[in-house]
Amino acid sequence: MPLPRSTCPNETRGIVRAWQAEGLSVGLVPTMGALHEGHLSLVRASDGECDRTVVSIYVNPTQFGAGEDLARYPRNLDGDCRLAEGAGADLVFCPADEAIYPDGHCTFVDQPGLTEVLEGEFRPAHFRGVLTVVLKLLHIVPANRVYFGRKDFQQTVVVRRMVRDLNVPTEVRVMPTVREPDGLAMSSRNRYLSEEERRQAVCLHRALVAARERYAAGETAGDVLCRTMGRVIAEAPMAQADYVEVVDCETLEPRDVVTDRAVAALAVRIGRTRLIDNMPLSG
Ligand code: AMP
C-alpha cells in the first residue's frame, strides 16, 4: 500500500489524534519537498524516536520575498512520497495553498529581534512566514516532537523561541547538517547550480572550517574569524557573500570575543543561487 497522503488539515489532525489516543507518540518533519538526504535524516530520526512520523510537504509562499525563487522552487510530490516512505514516514500532509491561507487570512506570528538579523536582514518577511506556517502545522499535526535541521541554524533558534514563548506543547529536536562528500551542505537549492558553480559552492564549508580551525588554534577575536571566512569566500570568483558572522548560539548577537557558545554563520550567493551554512566553533 502506498504511503497515505492527506491534503486536508482536519483529516490530518484526526489521524494524529487517533494515534495519540492509542498511546502512540507522533513526530512531525516539516519540509518544502524536493527531498534529499538532509530531509530524510530528519525522517529517520523521527522514525527512531516516535511511533508515527508525519512529513509535511508544503512550499510556503509567505516565507518567500518578492524576486525570490517561489515560482521555480522544485516540486516532485510523487518522488518525495516514495523517499519519505523509504525513510520511515507514516503519513504525508501536502496541503494546497487554500487550505493553509484561506481567503481573508490575516494572522501572522511576529518575533522582533531574532528574526531581524542574519537572514532576516536580507529576507525581511522570511521568518514571519516560517513561524506562521510552523505554528499552523503544529496545530494541524499536534506532534509530540518536531524535527528541524541544524543547516537552517537561525530557523532553529527562532522556532525554539516561539515554542517556548507561546507554550507550544511540542519538543523541538534539531539534527546535524548532512553534507555532500566535499562538505557542501545538502539543500534543495543546490540543484540550481551549474557545474562550475557547484565546484565553487564548497567555499561555504571551507570558510566555516577555516574559522573553526583558527578558533581551535586560539584565535578568539570575532572580527579576525570573520575576515578569515571572508578571505576563503573571496577565493571563489563566482561567490558573493551577503553576510559572514560569528554570533551567540541563542541571542544571535555578534561576538567580539568568541566563546564556545559561538556559531559561525554565512550566506553566499553563487551566481543566482543563494546558499546558507553554519558551524559551531567548538564541540
Ligand atoms: P526545507 O525543505 O528546505 O524547508 O527543509 C526542511 C527541513 O530540512 C528543515 O528543518 C531544514 O533545516 C532541514 N534540512 C535541509 N537541508 C538539510 C541538511 N543538509 N541537513 C540536515 N537538515 C536539513
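The structure under discussion appears in the preceding block.
Each value, and the rule that gives it
- Residues numbered from 1 in each chain as written.
- Predicted model: local features only at pLDDT ≥ 70, side-chain atom pairs only at ≥ 80, totals over all residues.
- Heavy atoms only, no water.
- Helix = DSSP H or I, 4+ residues; strand = E, 2+ residues; numbered from the N terminus.
- Rg over C-alpha atoms; globule rule 2.2 N^0.38 Å.
- Buried < 20%, exposed > 50% of the residue type's maximum accessible area, 1.4 Å probe, protein only.
- Contact = heavy atoms within 4.5 Å.
- Areas by Shrake-Rupley, 256 points an atom, 1.4 Å probe, with all protein chains shown as cover.
- Axes fitted to C-alpha atoms, helices over the stretch in contact; angles between N-to-C directions.
- Parallel < 35°, antiparallel > 145°, perpendicular 65-115°, else oblique.
- Left-handed = near helix turned anticlockwise from the far one by under 90°.
- Nonpolar A, V, L, I, M, F, W, Y, C, P; charged D, E, K, R; others polar.
- Near = heavy atom within 4 Å.
- Polar contact = N/O pair within 3.5 Å; in protein donor to acceptor, adjacent residues only side chain to side chain.
- Phe/Tyr/Trp six-rings, centres within 6.5 Å; stacked < 30°, edge-to-face > 60°.
- Lys NZ or Arg CZ within 6 Å of the ring centre and 35° of its normal.

Caption draft 1: Inspection of the overall build of the protein chain at higher detail. Helix and strand content of the protein chain: 10 helices and 9 strands. Relative to a compact globule of 283 residues, whose C-alpha radius of gyration would be 19 Å, the protein chain shows 19 Å and is just as compact. With respect to the three principal axes, the spread of C-alpha positions in the protein chain is 55 × 40 × 40 Å. By residue count, 53% of the 283 residues in the protein chain fall in the buried class. The contacts in the protein chain between residues at least 6 apart in sequence include a share of 74% that link residues at least 24 apart. Carbon together with sulfur atoms contributes 50% to the accessible area of the protein chain, which is approximately 13000 Å² in total.

Caption draft 2: Structural context of the packing of helix α6 (residues 126-140) against helix α7 (residues 153-165). In contact at an axis separation of 10 Å, α6 and α7 are set at 55° when each is read in the N-to-C sense. One way to sum up the angle between α6 and α7 is to call them oblique. Judged by the sense of rotation from one axis to the other, the crossing of α6 with α7 is right-handed. Here α6 contributes Phe127, Val130, Leu131, Val134 and Leu135 to the contact with α7, which in turn contributes Gln154, Gln155, Val158, Val159 and Met162. Tallied by class, residues from the contact of α6 with α7 come to 8 nonpolar, 2 polar and no charged.

Caption draft 3: Quick peek at the site of the ligand. Near the ligand there are 17 residues, and of these His39, Gly149, Asp152, Val178 and Met186 occur at the shortest range. Here aspartate 152 contributes a side-chain N or O atom positioned 2.6 Å from an oxygen atom of the ligand. When the free accessible area of the ligand is taken as 480 Å², the share hidden by the protein chains comes to 92%. Listing elements by their share of the shell around the ligand, those giving two or more residues are β2 (26-31), α2 (37-49) and β5 (145-149). The biggest single contributor to the shell around the ligand is α2, with 3 residues. Of the residues in the shell around the ligand, the class split is 8 nonpolar, 7 polar and 2 charged.

Caption draft 4: Molecular detail of unusual backbone geometry. Its identity as a non-glycine residue notwithstanding, leucine 118 has a phi of 45°, on the positive side. Mapping leucine 118 onto the fold places it in the loop between α4 (97-100) and α5 (119-122). Classification of leucine 118 by relative accessible area gives buried; the value is 2%. Not every positive phi belongs to a glycine, and leucine 252 is a case in point at roughly 65°.

Caption draft 5: Broad picture of the packing of aromatic side chains. Per the stated rule, a full pass over the model turns up 2 aromatic pairs. On the basis of an interplanar angle of 80° and a centroid distance of 5.8 Å, the ring pair of phenylalanine 64 and tyrosine 73 is categorised as edge-to-face. The exposure class of tyrosine 73 is buried, given its relative accessible area of 7%. Measuring from centroid to centroid gives 5.8 Å for phenylalanine 122 and tyrosine 243, while their planes differ by 35°, and the two rings are tilted. Residue phenylalanine 122 is located in helix α5, and its partner tyrosine 243 is located in strand β7 (residues 239-248); the two are separated by 121 residues in the primary sequence. Taking the relative accessible area as the measure of exposure, tyrosine 243 reaches 8% and is therefore buried. In this arrangement the basic side chain of arginine 72 is found over the ring face of tyrosine 192, its NZ or CZ atom lying 4.1 Å from the centre.

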